[in-house]
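Residue-level listing of the chains:
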Amino acid sequence: MSKNMRSREPMPHQDPKDRITNFTEVALGYSEEQAVGEAQRCLNCKKKPCITGCPVEVAIPDFIKLVAERDFKGAITKIKETNALPAICGRVCPQEEQCEKYCILGKRGEPVAIGRLERFVADWEAANNGKDGACSASKAAQSAERIAKVAVVGAGPAGLTAAGELAGMGYDVTVFEALHESGGVLAYGIPPFRLPRTILKREIEYIKSLGASIETNSIVGKLYTLRELLNSGYSAIFIGTGAGLPQFMGIPGENLNGVYSANEYLTRINLMKAYMFPTHPTPIRVGRKVAVIGAGNVAMDAARCSLRMGAEEVTIVYRRSRTEMPARAEEIENAEEEGVKFSLLTAPLKFNGDENGYVKSMECIRMELGEPDASGRRRPVPVEGSEYTADVDTVVIAIGQSPNPVVRQSEPGLETTRWGGIVVDEETMATSIPGIYAGGDTVTGAATVITAMGAGKKAARAMDKYIKDKLRKS
Amino acid sequence: MYNVVRKEQLGEVVTLLELEAPAIAAKAQAGQFVIVRLAEYSERIPLTLSDWDADRGTITIIFQHAGRSTEELACVEVGESIRDLAGPLGKATEVEKFGTVVCIGGGIGVAELRPIAKAMKAAGNKVISIVGARDKSLLILEDDMRKASCELHITTDNGSYGRKGFVSNVLQEIMDSGQKIDIIYAIGPVPMMRVIADQTRPAGIKTLVCLDAIMIDGTGMCGACRVTVDGKTKFTCVDGPDFDAHQINWEELVTRKKMYIPQEKEASRHYHEGCCGRCRK
Ligand SMILES: Cc1cc2nc3c(=O)[nH]c(=O)nc-3n(C[C@H](O)[C@H](O)[C@H](O)COP(=O)(O)OP(=O)(O)OC[C@H]3O[C@@H](n4cnc5c(N)ncnc54)[C@H](O)[C@@H]3O)c2cc1C
Ligand SMILES: Cc1cc2nc3c(=O)[nH]c(=O)nc-3n(C[C@H](O)[C@H](O)[C@H](O)COP(=O)(O)OP(=O)(O)OC[C@H]3O[C@@H](n4cnc5c(N)ncnc54)[C@H](O)[C@@H]3O)c2cc1C
Ligand code: SF4
Ligand code: SF4
Ligand code: FES
């Protein structure tokens, strides 16, 4: 194998010194030449092992071949046959754990940069829309006659995908979204420097163009119950309400001013645009020394936002070691390049406040790794006598989220797990109530964009079958 | 977009807006609130459903000009519209036939109290209401409260109208008179609710208060609105806004509400540099 075959085209980035002063995108994307060069590395394997790693089954070798042939329009059409949100997935999928993990080239060198190519093709379409005769792939052979009405609860990746699929199949789809904006975590959690909002908006518009309408400010369980939707003409419902409920640690001082859940912190910054304060008047208080508790993608996002909001020192505090950090390698690297510090094998015990009730310091204890626990990871155990106190003026708790309870509280018949996840049949995503389906984080607990999309897709197929069976019988 | 169909000034610093929102009006219950976002750039702010009319398809909010967002909202005119309105949020107040219910409202809290008094009366309770304000000019909804109650007491701090004194003075008299009180519902400034909690705790009278923690989404997603009740962390927007007055960690609530005072001042100053100034007349 030549060297060229072993290593992939590098991704151009904004310089770390510059990027911590702005919220514009960090990764700049491939040029046409780079994309074609990278695409030419693909071996077009007969067995297509890469596809097995993609929950929505993007026709990876096929679209990459079209890129190599410079048929970018053909490539986007191919991708959109299976994935309605390619510019998003190309940016935020943990490809190293998904499609790229199974790429043959990964055995001897670097796998094909599938995500980057997907992103390139989607961005190419946006840039050339109309100019080059290119247009949004028209899966929407929109017939005027719609089969039946269906409702989707939540406009995150799971709900949007289900909506797009169902609209494409000829259903009249209404998405009910609690917030004023669609996208779920993509809108309120993931920062614009990883996913620019123009790109998010464009892909949501595409879902709408397939024939789905979105009603924002509509909280199902409060404004309408599931039963009311079923009784008012919706033949089936998909629940994609995510895992929005922030978890806290239950240690003293957690309710001090300046101690945030990651959801609140990121919502203020990314959804409410506190980085444009006071033009956008939603306030936030980012101090000089920020501690972020946790080491997943959410924690990396909170840490990197803190730097951009002007914090002088930002530290990730994590109770296990580097190898156990759940965040994507790329995000950890980005955070490190930008100057985020890591305090590993450390757990907070308590937050102390000043006389006005704002957090001023954090008591921590060192940990060491013991025997593996149920998750297979080595369990952290406190090192006796290793307690110490660190000054902080902002703390962000990013230790996980649970499913939001609003829907299940309004529908006692909906079977849920002990931790609040909705129970489904894994083949069909059907819940305990006939006609109601669910998928995404509300079923699995906090997971990934692409698994949520895969669930939305699977559910859409089952809903189609359910409705058609019912129509046939009646 | 939610159209404004009626606007009234209920005093110098209090505005009423009636908005077209048929779906919310059809579902609203006493004790619930909405989240309002005036324009594309605006904050999301929680305001109680002060009234609603399912037939007309409208809801009514009444708010005090407290800072940037409420001042800006006060400048919206009939025929204009509000960008986002989400609700009805929060748990509805538990309304049943308790017997004698004392409803206490202070300042802008009276706007939030009205639907509760009304619902309690409709459920067959004897509703004794006590409403107070610092000054006569700040007293709102007197007629509505009279209609919603069996008995209405009015106090002003300076004696400019009704009885001179505080709502808690009247409550004490009622308690001292030996009249049985089955439940008390109080809404107003935190110091008022705290005084009432302290007053009713020794007597063991069940007392509910409506908390106005700082919120963003109002759907249980962010935890900004957390309060400690009976030693446990609760989210005001989904677990409340009503809580048992005797179990609340008031100190923490007061501190958390002050979280953004410097930022609120700056946002207000920034706004007034460019606004018409009517709200600050
Ligand atoms: C900060 C952060 C960074 C992340 N980074 C990545 C990443 O880089 N890559 C990756 O793959 N994954 C990442 N994830 C995880 C990923 O975003 C989620 O797994 C994914 O968004 C789940 O999709 P979903 O559709 O199930 O739910 P969500 O995205 O949570 O969407 C649910 C939607 O439902 C709405 N809703 C909730 N309740 C109701 C109701 N009662 N009525 C109406 N609407 C309701 C919510 O407002 C929300 O819009 C990240 C998560 C976070 C928080
Ligand atoms: C469930 C709920 C229901 C509410 N119902 C009403 C209502 O019906 N009518 C009404 O006038 N207000 C109500 N409030 C309070 C209202 O949300 C705030 O007054 C408003 O958010 C202030 O926004 P602002 O930008 O105008 O002022 P800011 O600039 O944010 O605040 C100015 C000052 O007002 C006070 N303040 C700020 N936030 C709050 C708050 N959440 N509660 C009380 N005081 C605050 C503080 O002293 C602050 O310094 C309610 C709050 C909650 C949580
Ligand atoms: S959608 Fe995600 S997992 Fe699937 S091919 Fe694209 S980047 Fe890979
Ligand atoms: S496994 Fe890798 S090399 Fe083979 S087709 Fe898929 S992307 Fe191309
Ligand atoms: S306001 Fe966000 S959880 Fe209550």
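Residues numbered from 1 in each chain as written. Chains lettered and ligands numbered in written order. Predicted model: local features only at pLDDT ≥ 70, side-chain atom pairs only at ≥ 80, totals over all residues. Heavy atoms only, no water.

**Student:** Got a minute to help me understand the overall build of chain B in this structure?
**Tutor:** Looking only at helices and strands, chain B features 9 helices and 17 strands. Against the globule reference of 19 Å for 281 residues, chain B gives a C-alpha radius of gyration of 18 Å, in line with a compact fold. Taking the principal axes of the C-alpha coordinates as reference, chain B spans close to 55 × 40 × 40 Å. Counting across all 281 residues of chain B, residues that qualify as buried make up 57%. (Helix = DSSP H or I, 4+ residues; strand = E, 2+ residues; numbered from the N terminus. Rg over C-alpha atoms; globule rule 2.2 N^0.38 Å. Buried < 20%, exposed > 50% of the residue type's maximum accessible area, 1.4 Å probe, protein only.)

**Student:** Can you help me understand the site of ligand 3 in this one?
**Tutor:** Near ligand 3 the following residues occur: Cys54, Val58, Ile60, Asn83, Cys89, Cys93, Gln95, Gln98, Cys99, Ile114, Glu118 and Ile450 of chain A. Looking at the shell around ligand 3, its residues break down into 8 nonpolar, 3 polar and 1 charged. (Near = heavy atom within 4 Å. Nonpolar A, V, L, I, M, F, W, Y, C, P; charged D, E, K, R; others polar.)

**Student:** Honestly, the sheet that holds strand E6 (residues 58-64) of chain B in this entry has me stumped. Any pointers?
**Tutor:** Picture the strands of a sheet paired through backbone hydrogen bonds; they go either parallel or antiparallel. All names here are of chain B. With antiparallel pairing, the 5 strands of this open sheet are ordered in space as E5-E6-E2-E1-E7. The sheet terminates laterally at strand E5 (51-53) and strand E7 (81-82), the two strands that pair on one side only. Relative to E7, strand E1 (residues 2-9) runs antiparallel, the two being bridged by 2 bridges. Its bridge partner lying in E7, tyrosine 2 is registered against isoleucine 82. (Pairing = 2+ DSSP bridges.)

**Student:** Where do I start with helix H14 (residues 297-308) of chain A in this structure?
**Tutor:** Spacing of three or four residues puts side chains on the same side of an α-helix, whose turn is 3.6 residues. Residue and element names in this part refer to chain A. With 12 residues, H14 should cover 16 Å at 1.5 Å per step; its first-to-last C-alpha distance of 17 Å lies within 8% of that length. Taking burial as the measure, the 12 residues of H14 include 10 buried ones, the bulk of the element. Every buried residue of H14 is accounted for by Ala299, Met300, Asp301, Ala302, Ala303, Arg304, Cys305, Ser306, Leu307 and Arg308. Among the residues trailing H14, glycine 310 stands out with phi positive, at a value near 105°. (Expected span 1.5 Å × (residues − 1).)

**Student:** Please explain helix H9 (residues 261-274) of chain B as it appears in this structure.
**Tutor:** Residue and element names in this part refer to chain B. Taking 1.5 Å of rise per residue, the 14 residues of H9 would be expected to cover 20 Å, and the 21 Å separating its terminal C-alpha atoms lies within 8% of that figure. When H9 is considered as a whole, its buried residues turn out to be Gln263, Ala267, Ser268, Tyr271 and His272. Considered in projection along H9, the buried side chains sweep an arc of 165° and stay on one side of the axis. Along H9, the residues that are exposed and aim more than 90 degrees away from the buried face are Pro262, Lys265 and Glu273. The inward-facing, buried residues of H9 contact helix H2 (68-73). (Arc of directions from axis to C-beta. Contact = heavy atoms within 4.5 Å.)

**Student:** For this particular structure, what's the right way to read the domain arrangement of chain A?
**Tutor:** How big an interface is tends to be stated in terms of accessible area lost as the parts join. All names here are of chain A. Here chain A is partitioned into domain 1 (3-132), domain 2 (146-244 + 402-473) and domain 3 (248-399). A C-alpha centroid distance of 27 Å is found between domain 1 and domain 2. For the pairing of domain 1 and domain 2, the buried interface totals around 2000 Å² over both sides, and the portion due to carbon and sulfur atoms is 72%. Interface area lost by domain 1 to domain 2 is led by Leu85, Ile88 and Val92, which between them contribute 28%. Across the contact surface, domain 1 and domain 2 share 1 salt bridge. Salt-bridge contacts for aspartate 123 lead to arginine 202; the nearest nitrogen and oxygen are separated by 3.9 Å. Counting the contacts that link domain 1 with domain 2 gives 6 residue pairs in polar contact (both at pLDDT 80 or more). Listed by contribution, the elements that provide at least two residues to the side of domain 1 that touches domain 2 are helix H7 (86-92) and helix H8 (114-128). (Domains from an automatic or database assignment. Buried area = accessible area lost by both parts, 1.4 Å probe. Salt bridge = Lys/Arg side-chain N within 4 Å of Asp/Glu carboxyl O. Polar contact = N/O pair within 3.5 Å; in protein donor to acceptor, adjacent residues only side chain to side chain.)

**Student:** I'm lost on the environment of isoleucine 88 of chain A in this one. Help?
**Tutor:** All names here are of chain A. Checked against the element boundaries, isoleucine 88 lands in helix H7. Sequence spacing of isoleucine 88 and threonine 442 is 354 residues, and the spatial spacing of their C-alpha atoms is 20 Å. If we skip the residues at most four places from it in the chain, isoleucine 88 touches Cys93, Leu186, Leu195, Leu200, Glu203 and Val449.

**Student:** It is not clear to me how the pairing of strand E14 (residues 207-210) of chain B should be interpreted in this structure. Could you clarify?
**Tutor:** Residues and elements named next belong to chain B. Because side chains alternate across E14, one face comprises the buried residues Thr207 and Val209, and the other comprises Leu208 and Cys210, equally buried. Here strand E13 (residues 183-187) pairs with E14 via 3 bridges, running parallel. From the neighbouring strand, alanine 186 faces E14, where its bridge partner is valine 209. Running through helix H6 (residues 190-200), the crossover from E13 to the neighbouring parallel element E14 is right-handed. In this sheet, strand E17 (residues 242-244) lies alongside E14 in antiparallel orientation, the contact comprising 3 bridges. Across the sheet, leucine 208 pairs through a bridge with aspartate 244, a residue of E17. (Right-handed = clockwise from strand over helix to strand, strands pointing away.)

**Student:** What am I meant to see in the nonpolar core here?
**Tutor:** Nonpolar side chains in soluble globular proteins generally cluster together in the buried interior. Membership of the largest hydrophobic core comes to 104 residues, with the highest contact counts inside it found for Ile60, Phe63 and Val173 of chain A. Sorting elements by how many residues they give to this core places helix H18 (residues 449-473) of chain A first, with 10 residues. The residues that make up this core include at least three from each of domain 1 (3-132) and domain 2 (146-244 + 402-473) of chain A. When residues no more than four places from it in sequence are discounted, the contact partners of isoleucine 60 of chain A are Cys50, Ile51, Cys54, Cys99 and Ile114 of chain A. Ile35, Ile104, Ile130 and Leu253 of chain B belong to the second largest nonpolar core, which has 39 residues in total. (Core = buried A, V, L, I, M, F, W, Y, C linked by side-chain atoms within 4.5 Å.)

**Student:** I'm lost on the site of ligand 2 in this one. Help?
**Tutor:** Residues and elements named next belong to chain B. Taken together, 22 residues surround ligand 2, and among them Pro46, Ile62, Gln64, Thr70 and Glu264 come closest. Residue glutamate 43 places a side-chain N or O atom 3.4 Å away from an oxygen atom belonging to ligand 2. Here an oxygen atom of ligand 2 sits 2.8 Å away from a polar atom, N or O, in the side chain of glutamate 264. Coverage of ligand 2 by the protein chains reaches 85% of its 850 Å² of free accessible surface. Of all the elements in the fold, those that place two or more residues in the shell around ligand 2 are strand E4 (45-48), E6, H2 and H9. Class assignment for the residues of the shell around ligand 2 results in 11 nonpolar, 5 polar and 6 charged. (Areas by Shrake-Rupley, 256 points an atom, 1.4 Å probe, with all protein chains shown as cover.)

**Student:** How do you make sense of the packing of aromatic side chains when you look at a structure like this?
**Tutor:** Two measures describe an aromatic ring pair: the distance that separates the ring centres and the angle between the ring planes. All names here are of chain A. In total, this model carries 9 aromatic pairs over all chains according to the counting rule given. A centroid spacing of 6.1 Å and a plane angle of 65° characterise the contact between tyrosine 437 and tyrosine 466, whose relative ring orientation is edge-to-face. Of this pair, tyrosine 437 sits in strand E16 (residues 436-438) while tyrosine 466 sits in helix H18, and the two are 29 residues apart along the sequence. Tyrosine 437 sits in the buried class, given a relative accessible area of 6%. Relative accessible area serves as the criterion here: at 22%, tyrosine 466 is assigned to the partly exposed category. An aromatic cluster of at least three residues, connected via ring pairs, comprises Phe23, Phe193 and Tyr275. Looking at lysine 80, its charged tip hangs above the ring of tyrosine 206, at a distance of 3.8 Å from the centre. Taking NZ or CZ as reference, lysine 149 lies 4.4 Å from the ring centre of tyrosine 234, over its face. (Phe/Tyr/Trp six-rings, centres within 6.5 Å; stacked < 30°, edge-to-face > 60°. Lys NZ or Arg CZ within 6 Å of the ring centre and 35° of its normal.)

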